Amino acid sequence: KAGVTQTPRYLIKTRGQQVTLSCSPISGHRSVSWYQQTPGQGLQFLFEYFSETQRNKGNFPGRFSGRQFSNSRSEMNVSTLELGDSALYLCASSLSGVGNQPQHFGDGTRLSIL
Amino acid sequence: QKEVEQNSGPLSVPEGAIASLNCTYSDRGSQSFFWYRQYSGKSPELIMFIYSNGDKEDGRFTAQLNKASQYVSLLIRDSQPSDSATYLCAVNLRGGADGLTFGKGTHLIIQP
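Read on for an overview of the structure.

**Observations regarding the sheet that holds strand β7 (residues 61-66) of chain B**
Consideration 1: Spatial strand order, β1-β3-β8-β7-β6 (chain B): five strands in an open sheet with antiparallel pairing. Among the strands making up the open sheet, the edge pair consists of β1 (4-5) and β6 (54-58) of chain B.

Next up, the structure:
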């Protein structure tokens, strides 16, 4: 069974640009969550999507947005990039949601802002 | 008080010994608890999850949960150098409304 697939693996952008990251969950998993990982803050929750609807949202500015498609694939968009957005962005999928289901992470997208 | 708290380490354990990793959490109503292992430069890998008070064993790993004390731990028996990694404790605080809340992780070093 294929795991969670994230693309691209690495990305370099400049301040002010925007970026879109993609995540394909494990087959049969309907919940996709996004996290940001930085050395200082650790892993922080961005948002969760289930059945194409945002179900939960973390404490991030509106520049961070996402969506989920009917095949459960998800995209995350960050607009007007700032230096502080440099991080590892992780996608995790689970069968039915964050509540009590184990989440499985993809390899992540490492975003660097110049 | 941090919502999910772990000792950052490093925790140094001799090969073959038992490594004990601890985690405390703030929300008494939390129901689900997870341990992830993260090697340097890699993504977190799920190794254990536990929902009920008591112990849960899987191979060399044992997760222990005490909801009354708001405490969850991970024991690694017969520690191997390949167990050297950062171990992240994750809790679904407030029913997961804020996603999984992670501790900052404990850096474990197994000495050959």
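**Comments concerning the nonpolar core**
Consideration 1: In this structure, W35(B), V72(B), L74(B), I76(B) and Y87(B) are the most contacted members of the largest nonpolar core, which totals 24 residues.
Consideration 2: Sorting the residues of this core by element identifies β3 (19-25), β4 (33-38), β5 (45-50), β7, β8 (71-76), β9 (85-91) and β11 (106-111) of chain B as the ones contributing at least two each.

**Topic: unusual backbone geometry**
Consideration 1: In this model, T7(A) is joined to P8(A) through a cis peptide bond whose omega is -10°.
Consideration 2: Within the element layout of this structure, P8(A) appears in the loop between β1 (5-7) and β2 (10-13).
Consideration 3: Cis geometry is found at the peptide bond from G9(B) to P10(B), where omega equals 10°.
Consideration 4: Position of P10(B) among the secondary structure elements: in the loop between β1 and β2 (11-14).
Consideration 5: With a phi close to 70°, E52(A) is a non-glycine residue in the positive phi region.
Consideration 6: At T80(A), a residue that is not glycine, the phi angle is positive and equals roughly 45°.

Rules behind the numbers
- Residues numbered from 1 in each chain as written.
- Chains lettered and ligands numbered in written order.
- Predicted model: local features only at pLDDT ≥ 70, side-chain atom pairs only at ≥ 80, totals over all residues.
- Heavy atoms only, no water.
- Pairing = 2+ DSSP bridges.
- Helix = DSSP H or I, 4+ residues; strand = E, 2+ residues; numbered from the N terminus.
- Core = buried A, V, L, I, M, F, W, Y, C linked by side-chain atoms within 4.5 Å.
- Buried < 20%, exposed > 50% of the residue type's maximum accessible area, 1.4 Å probe, protein only.

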